[in-house]
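# Remarks on the overall topology
Each chain, letter by letter, is given below.
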Amino acid sequence: MVRIGVFICHCGTNIGGVVDVDDVVQFASGLEDVVFATGYRYMCSDPGGRLINDSIKEHELDRIVVAACSPRMHEPTFQAVLVDADLNPYCLEMANIREHCSWVHKNDVDEATRKSKDLVAMAVAKARTLEPLESYHKNVVHEALVIGGGIAGIQAALDLAESGRKVYLVEREPSIGGRMAQLDKTFPTLDCSSCILTPKMMDVSRNPNIELYTYSEVVDVEGSVGDFKVKIKRKPTYVDWDKCNGCGECALACRLKDRIPDEFNEKLGKRSAIYVPFQQAVPLKYTIDPNACLMLRLGKCGDSPPCKDVCTLDAIDYGQKESIVDVNVGTIIVATGYDMLDAAEMYEYGYSRSPDIITNLEFERLICSSGPTGGKMHRLSDGGEVKSVSFILCVGSRDKDLKDYCCRIGCMGALKHAYLLREHEGDGLEINICYTDIRSFGKGYEEFYGRIRDIETNFIRGRPSEIKVQDDGRLVYDVFDTTTQKLLQVTSDVVVLVPALVPRNGAEDLGRMVKISRGADGFFLESHPKLKPVDTSTDGIFIAGCCQGPKDIPDVVAQASGAASRANTILSKDVLASVSTVSVVNEDLCSGCGICAPVCDYGAIEIVEVADSDGKKIAEVDVALCKGCGVCASACPSGAMEQKGFKCEQLSAMIRAVSSRDS
Amino acid sequence: MTRIGLYLGCLIPTEQYAYEMAIREVLPDFGMELVDVEGVACCGAPLRHINLSLTMYLSARNIALFEKDDLDMLAPCPYCHQAVSETKHVLDGNPELRKNVNAHLKEEGLTYRGTLRHYHLLDLLHDIVGVDRIKEKAKVSLEGLNIAAHYGCHLIRPNDIPRPDDSENPQKMETLLEAIGAKSDYYNEKLDCCGAHILLNESESALTKTGQKLQAVQKHGFSGLATMCPWGHRMFDSKQDSAAQTVGGSLDVPVIYYIQLLGLAMGKDPASLGMNLNRSPVDRLMAPREGV
C-alpha cells in the first residue's frame with residue numbers, strides 16, 4: 001500500500017484561470033490510495049515546496065503527484081523537495097496540466113477541467129506503481145572538443161585552455177580563422193580584421209593545452225556528457241607538416257601557379273595547387289589540393305614535380321593517407337559558422353548573368369589591400385572604371401519566399417563598405433544603398449550610421465525588382481523609394497548583393513552526429529531561447545557563433561566565451577550524476593536476439609553469454625552509458641527490455657486509468 | 001484520344017479567335033479530343049478585387065462543371081488559369097469558405113470537389129505532351145528564326161500558388177521554341193509588362209509599356225515575338241500601331257501565338273491556324289517554309 005499526496009498548482013492564472021482547480025482537488029481526493037490532495041497558487045515557490053514537505057510528514061506520504069507545468073521545467077525542483085523530505089526523488093510523478101491543457105484549451109473551461117482530471121488520474125495510477133530508484137555516477141573526462149576554427153571556436157578553445165583544460169580544436173580547412181579572416185575591416189571601429197584576429201590565432205598555436213587539428217573533420221561521436229568518444233579524420237595534406245616550415249617555395253614553383261581559383265578570395269584570385277589559404281594561416285603549413293595537383297590526378301607533373309624538387313626539407317609526400325585520431329572528451333562545443341545563401345537563387349538579381357554583380361563577401365576581398373586586386377575597384381567584366389556602386393541589402397533575408405530572418409550583419413557591413421569605398425576611391429564615386437530598414441542596433445553602430453549619412457551616400461528605401469545588364473555591360477535597376485514615394489531608375493557599374501546567411505554546409509550531418517536539434521531555419525537550436533542560449537538539447541554539447549543563428553563578431557565572441565564557461569561547469573566536476581531511469585533486462589524473458597544493441601545510440605548494450613548456461617545469450621546494459629531514452633525497450637520484441645520509471649505495467653496503469661474514466 | 005475540357009474564358013471567343021482556331025487545329029494531332037463544357041461562365045478573375053467570394057464562387061462553379069463530367073481542364077488564357085489555381089489553393093485550405101461555396105452550388109446540383117486537374121498550354125505542351133513528341137511532329141524546321149518569348153504575368157505569378165513555370169526565371173517556352181527548331185535568346189525585357197491591365201484607365205501608360213517592350217524586341221533583332229496569353233497578344237499584335245504612335249517609333253514586329261508557330265512547324269495550312277487574323281506582319285515567319 002502506498003500513500004499518495006496530490007498537489008495541484010494554479011500557476012497564478014495560467015492554470016487557475018482556466019481549470020477549476022478546486023474541482024480537480026476534490027476529484028483527486030477520491031482516487032485510490034490518495035490520502036491527501038490540495039491546490040496552491042505557486043507550487044514551485046518556497047512556500048509551495050514547504051507545503052509539500054510538511055504534508056509528506058503530516059500525512060506520512062510516500063508517493064507524490066504534482067499537477068502543474070511541464071516536467072522539463074520543474075521536475076528537478078520537486079524532486080529536490082522530495083529529497084529534503086527523505087523520499088526517493090523518483091517517487092514523484094508530474095501531470096502537465098499547463099502546456100498540455102490550460103494553455104491549449106483556454107477557450108473551453110469545462111473540457112480543460114475534465115482533461116486535467118484525466119491527466120491527474122493517470123499520474124496517480126502511475127504513482128501507485130512507482131519504485132524508488134538508485135542513482136548512478138560517472139567519471140568526467142576533463143578534456144574538451146571544439147568543432148570549427150573560426151573566431152567562435154578560437155575564442156572558446158582559448159578560454160577553456162586558459163582555464164587549464166586540454167582542448168582539441170578541429171577545423172575542416174587547412175587554416176583556422178574562418179570568415180573573420182576573409183574580412184578586410186570590422187564595423188564600426190574599422191579595425192583591420194586580420195590585425196585583431198591574427199594574435200588570437202597565434203595564441204591558439206602557442207597554447208600547450210590546445211591540440212589543433214586543421215584539414216580535419218569529426219566523423220563519429222559516441223557516448224554522453226562527461227565521456228564522449230570522438231573520431232577525427234585527418235585528411236591527407238600530402239605535405240609532412242612536421243617537416244614543412246611554411247617557406248612557400250613549393251607554391252612559387254608549382255606548375256599550376258596562379259591557375260587554381262582561390263577559395264579564400266571567393267574564387268576572385270588564383271593560387272597554386274600547393275597552397276596556404278592566406279599568408280597569416282595557422283598553422284603556416286602547405287597543403288596540396290588533390291582536385292588540382294597534376295601528380296595526384298594524373299601521376300605525372302612534367303619530368304619531375306617542381307614542388308618536390310624545390311623543397312629542401314623533403315616534406316612533399318604524395319603517398320600520404322588519411323588517418324583517424326580517437327579522442328575522449330567530457331564536453332563538445334560546436335562552432336561551425338555560416339555560409340552565404342547562393343545569390344543565384346534570386347535569379348532576378350542577375351548574380352549568374354554578370355560578373356559585375358557580386359556578393360558582399362566578394363566585395364570584402366576586392367576592397368582588401370591584400371586581396372586579389374590589391375584593394376582597387378574595377379569592373380570585373382572588362383576591367384573598366386567604376387563610377388557607381390550599388391548595394392542591395394536583404395537579398396533573400398526578411399523574405400518569406402527564402403529566409404524569413406534578418407542577417408544582422410548586412411546593414412552594418414554595407415555601411416562599412418560605403419565608408420571604405422569613399423576612402424579608397426574618393427569623392428567622384430556614386431554610392432547607392434537600397435535597404436529595407438537600416439538596423440544599427442549594436443554598441444556604436446547608430447553613431448557609425450550617422451557618419452555614413454554625412455558622407456555622400458544615396459540611401460534608397462526599397463528593394464529593386466530586377467537587375468538588368470545593359471548592352472554596354474552597365475547594370476540598371478528600378479527601385480521604388482518608399483521614403484519619397486518615387487520610382488527611381490539607377491545605373492551602376494558594380495552591384496553588391498548582401499545575401500541571407502545560412503548554416504555552414506555540412507551542419508545538418510554534424511547536427512545528426514552530435515545529436516543536437518536544428519530550428520526551422522536550419523540553424524542549431526539552443527536549449528532555451530532566453531535562459532539557455534548556448535546549451536543544446538543534448539547534455540554536454542554547447543553551441544557558439546553563427547551556427548546558432550546570424551550574429552556579428554562581438555556577439556559571437558561573447559557567446560563563445562559563454563559556451564566555454566558552460567562547458568567548464570561540466571569539466572570542473574570529477575563525477576556527474578547520471579540518469580536513474582535506465583533500461584533493465586529481464587533475464588528470464590531475454591532471448592539474446594540482439595535487436596536492442598544496434599539501436600542504442602550510446603553503445604550501452606552488449607550481448608553477453610550467461611555464465612554456466614550452455615551458450616545462452618542475453619543483453620546487458622551498462623548503466624554508466626545508458627541515457628534512459630527508451631529506444632531499446634520499444635525495439636525489444638519480447639518485452640524483456642524495460643526502462644525504469646516507464647515500465648509496461650506503469651504505462652498500462654495510466655492507460656487503464658484514463659480509458660476507464662466516465663467522460 | 002484523351003478527352004480534355006476546353007475552358008476559353010471571355011477574350012478568346014469574343015476577339016482572339018486565332019488562338020482558339022490554332023488550339024483546335026493542333027492539339028488533336030497529339031491525341032487530344034477537345035470537349036466543350038456546357039454552362040460555364042466568367043472565370044471570376046475580373047471581380048477579384050471587388051468581391052473575392054464571388055470570384056471564388058464563379059470559379060468553383062466552372063470547376064464543378066468539369067468535375068461533374070470527370071474532365072481535365074485546358075484554360076489557354078493565363079488569367080482564367082490563375083483564377084482556377086487560386087480558387088483551388090484557397091478552397092482546399094479553407095473548409096469554411098468551401099462549405100459556403102458548395103452551399104451556393106447546391107442550388108444547381110453542383111459540388112466543388114477539388115479534384116480537377118487543370119492546365120495551361122504551356123504546361124500541357126511542355127509537361128504532358130512533352131518536347132520529344134513535339135519534335136517528332138515538327139516536320140518544317142524553323143531554323144533561322146530567333147523568337148522572343150512573352151509569358152505574361154498571370155502565367156508565372158504569384159509564386160505562392162502553383163503556376164506552370166518559375167516566377168523569376170521561366171524557361172519552358174524557350175524549350176518549346178527550341179523544340180520546333182527556333183532559337184529564343186534571353187532579353188532583358190523578357191518579363192516586362194504588356195500593359196493590358198491598365199489599358200482602360202491609363203491607356204497612354206499601357207501603350208508605352210507595350211511599345212517599349214516591342215522596341216526592345218526589335219532592337220535585339222528578334223524575328224518575332226511568341227505569346228501564350230490572349231491579353232498580351234492583343235496588346236502586341238492588335239495594338240502594335242497605337243503602341244508605335246505612343247512611343248513615337250516605328251514598330252514592325254511579327255507577333256504570333258506559340259501554338260500557331262507550332263502549327264506552322266507541323267506543316268499546317270496558315271489559314272487553319274487563323275494566321276490571317278494576326279494584324280502584325282506574321283507572313284515573314286512563314287517565309288522559311290518556302291525553302292523546304
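All residue numbers here refer to positions counted from 1 along the written sequence of the relevant chain. Key to labels: chains lettered from A, ligands numbered from 1, both in the order written. Only residues with pLDDT of at least 70 are given local features in this predicted model, and only at 80 or more are side-chain atom pairs given and counted; all residues enter the totals for whole chains, interfaces and linings. Calculated side-chain values reflect all of the structure's heavy atoms, with hydrogen atoms and water omitted.

## Here we look at the pairing of strand β27 (residues 494-499) of chain A
All names here are of chain A. The element β27 is largely enclosed, with a buried count of six among its six residues. Only protein chains enter the area calculation, which uses a 1.4 Å probe; residues under 20% of their type maximum are buried, those over 50% are exposed, and those in between are partly exposed. Only DSSP runs of H or I covering at least 4 residues are called helices, and only runs of E covering at least 2 are called strands; the numbering of each starts at the N terminus. Along β27, one buried face is formed by Val 494, Val 496 and Val 498 and the opposite face, lined by Val 495, Leu 497 and Pro 499, is buried too. As defined by bridge partners, strand β20 (residues 357-359) adjoins β27 across three bridges and the pair is classed as parallel. Along β27, the bridge assignment pairs Ile 357 with Val 495. Here, strands pair whenever DSSP counts at least two bridges between them. Sheet analysis places strand β21 (residues 388-395) next to β27, joined by five bridges and oriented parallel. Bridge pairing links Phe 391 to Val 496 in β27.

## As for the sheet that holds strand β7 (residues 255-257) of chain B
Residues and elements named next belong to chain B. An order of β5-β6-β7 is seen for the three strands of this open sheet, with the pairing classed as parallel. Only two strands of the sheet have a single partner each, and these edge strands are β5 (147-150) and β7. When strand polarity is set aside, the average angle formed by the axes of neighbouring strands in this sheet is 30 degrees. Across three bridges, the pairing between strand β6 (residues 224-227) and β7 is parallel. Bridged to Thr 227 within β7 is Tyr 257. Whether two residues are in contact is decided by their heavy atoms, any of which lying within 4.5 Å being enough. Only C-alpha atoms enter the line fits that serve as axes; for helices the fit covers just the stretch in contact. Angles between N-to-C directions range over 0 to 180 degrees. The sheet strands contacting helix α9 (residues 172-179) are β5 and β6, and the helix crosses β5 at an angle near 145 degrees.

## What to know about the packing of aromatic side chains
Think of a pair of aromatic rings as described by two things: how far the centres are apart, and how the planes are tilted against each other in angle. All names here are of chain A. Put simply, two rings from Phe, Tyr or Trp (the six-membered ring, in Trp's case) pair if the centres are within 6.5 Å, and we call them stacked under 30 degrees between planes, edge-to-face over 60, tilted for the rest. Across all of its chains, the model carries 13 aromatic pairs over all chains by this definition. On the numbers, 5.3 Å between centres and 85 degrees between planes, the contact of Phe 187 with Tyr 445 is edge-to-face. Of the two residues, Phe 187 is situated in the loop between β8 (185-186) and β9 (191-192) and Tyr 445 in helix α15 (residues 445-454); the sequence distance between them amounts to 258 residues. Given the relative accessible area of 2%, Tyr 445 is considered buried.

## Notes on the domain arrangement of chain B
Residues and elements named next belong to chain B. Those domain boundaries reflect an automatic or database domain assignment. Assigned domains within chain B: domain 1 (2-119) and domain 2 (137-286). For domain 1 and domain 2, the distance between their C-alpha centres works out to 25 Å. The interface of domain 1 with domain 2 comprises 25 residues on the first partner and 31 residues on the second. Defined here as a combined quantity, buried area equals the accessible surface (1.4 Å probe) lost by two parts on assembly, summed across both. Area buried by domain 1 at its contact with domain 2 is led by Tyr 19, Pro 78 and Tyr 79, which between them contribute 22% of it. Salt bridges are identified by distance alone: a Lys or Arg side-chain nitrogen within 4 Å of an Asp or Glu carboxyl oxygen. The interface formed by domain 1 and domain 2 contains three salt bridges. Residues Asp 29 and Lys 268 are paired through a salt bridge, measuring 2.8 Å at the closest nitrogen-oxygen approach. Among the secondary structure elements, those contributing two or more residues to the side of domain 1 that touches domain 2 are α1 (11-14), α2 (17-26) and α4 (78-93). By residue number, the principal contributor to the side of domain 1 that touches domain 2 is α2, which donates eight residues.

## Quick notes on the nonpolar core
What is meant by a nonpolar core is a set of buried Ala, Val, Leu, Ile, Met, Phe, Trp, Tyr and Cys residues, joined one to another through side-chain atoms within 4.5 Å. Core analysis: the largest hydrophobic core is formed by 98 residues, its most contacted members being B:Leu27, B:Leu125, B:Ile134, B:Ile259 and B:Leu262. Here this core gathers at least three residues from each of two domains, domain 1 (2-119) and domain 2 (137-286) of chain B.

## Some remarks on the pairing of strand β6 (residues 143-147) of chain A
All names here are of chain A. Most of β6 sits inside the fold, with four of its five residues counted as buried. Relative to strand β7 (residues 166-170), β6 is paired through five bridges, and the arrangement is parallel. Residue pairing in the sheet places Ile 147 in a bridge with Val 170 of β7. Viewed with both strands pointing away, a crossover whose connecting path from the first strand over the helix to the second turns clockwise is right-handed. In the classification by handedness, the crossover that spans β6, the intervening helix α7 (residues 151-162) and the parallel β7 is right-handed. Sheet topology note: the β6/strand β18 (residues 331-334) ladder contains four bridges and is parallel. Residue pairing for β18: Ile 147 is matched across the bridge by Val 334.

## What about the interface of chain B and chain A?
Residue-level contacts link nine residues of chain B with ten residues of chain A. Summed over both partners, the interface of chain B with chain A buries about 830 Å², with 35% contributed by carbon and sulfur atoms. Interface area lost by chain B to chain A is led by B:Glu168, B:Tyr186 and B:Asn188, which between them contribute 56%. Here chain B is connected to chain A by three salt bridges.

## Observations regarding the packing of helix α6 (residues 121-129) of chain B against α9(B)
For any two helices packed against each other, one specifies the crossing angle of their axes together with the interaxial distance. Residues and elements named next belong to chain B. Viewed as axis vectors pointing N to C, α6 and α9 meet at an angle of 60 degrees, and their least axial separation amounts to 10 Å. As far as their axial angle goes, α9 and α6 are oblique. Helix-helix and strand crossings are classified by hand; for α6 and α9 the assignment is left-handed. Residues Leu 122, Leu 125, His 126 and Asp 127 of α6 pack against Lys 172, Met 173, Thr 175 and Leu 176 of α9. Here the nonpolar group is Ala, Val, Leu, Ile, Met, Phe, Trp, Tyr, Cys and Pro; Asp, Glu, Lys and Arg are the charged ones; every other residue, Gly included, is treated as polar. Across the contact of α6 with α9, the residue classes break down as four nonpolar, two polar and two charged. Throughout, the term roughly parallel applies to angles under 35 degrees, roughly antiparallel to angles over 145, roughly perpendicular to angles from 65 to 115, and oblique to all others. By definition, turning the near helix anticlockwise from the far helix through less than a right angle yields a left-handed crossing, and turning it clockwise yields a right-handed one.

## Some thoughts on the state of the cysteines
The term disulfide refers to a covalent linkage connecting the sulfur atoms of a pair of cysteines. The rule for a disulfide is simple: a pair of cysteine sulfur atoms within 2.5 Å. Taken as a whole and assessed by the stated rule, the structure comprises one disulfide over all chains. Linked covalently through their sulfurs, A:Cys192 and A:Cys195 form a disulfide whose S-S length is 2.4 Å. Around the S-S axis, the bridge from A:Cys192 to A:Cys195 shows a dihedral of about 80 degrees and counts as right-handed. A:Cys192 gets classed as partly exposed once you look at its relative accessible area, which sits at 23%. Counting only cysteine sulfurs, A:Cys394 is the nearest neighbor of A:Cys411, a cysteine outside any disulfide, at a range of 5.9 Å. Among the cysteines around B:Cys194, which has no disulfide bond, B:Cys193 carries the closest sulfur, lying 5.2 Å off. Taking the relative accessible area as the measure of exposure, B:Cys194 reaches 13% and is therefore buried.

## Here we look at the pattern of salt bridges
All names here are of chain B. Under the counting rule described, the total for this entry stands at 51 salt bridges over all chains. Among the ionic pairs, Glu 168 bridges to Arg 157, the shortest N-O distance being 3.4 Å. With Glu 168 in the loop between α8 (153-156) and α9 and Arg 157 in the loop between α8 and α9, this pair connects stretches of sequence that are eleven residues apart. Exposure remark for Glu 168: the relative accessible area of 24% places this residue in the partly exposed category. Residue Arg 157 is classed as partly exposed on the basis of its relative accessible area, which comes to 31%.

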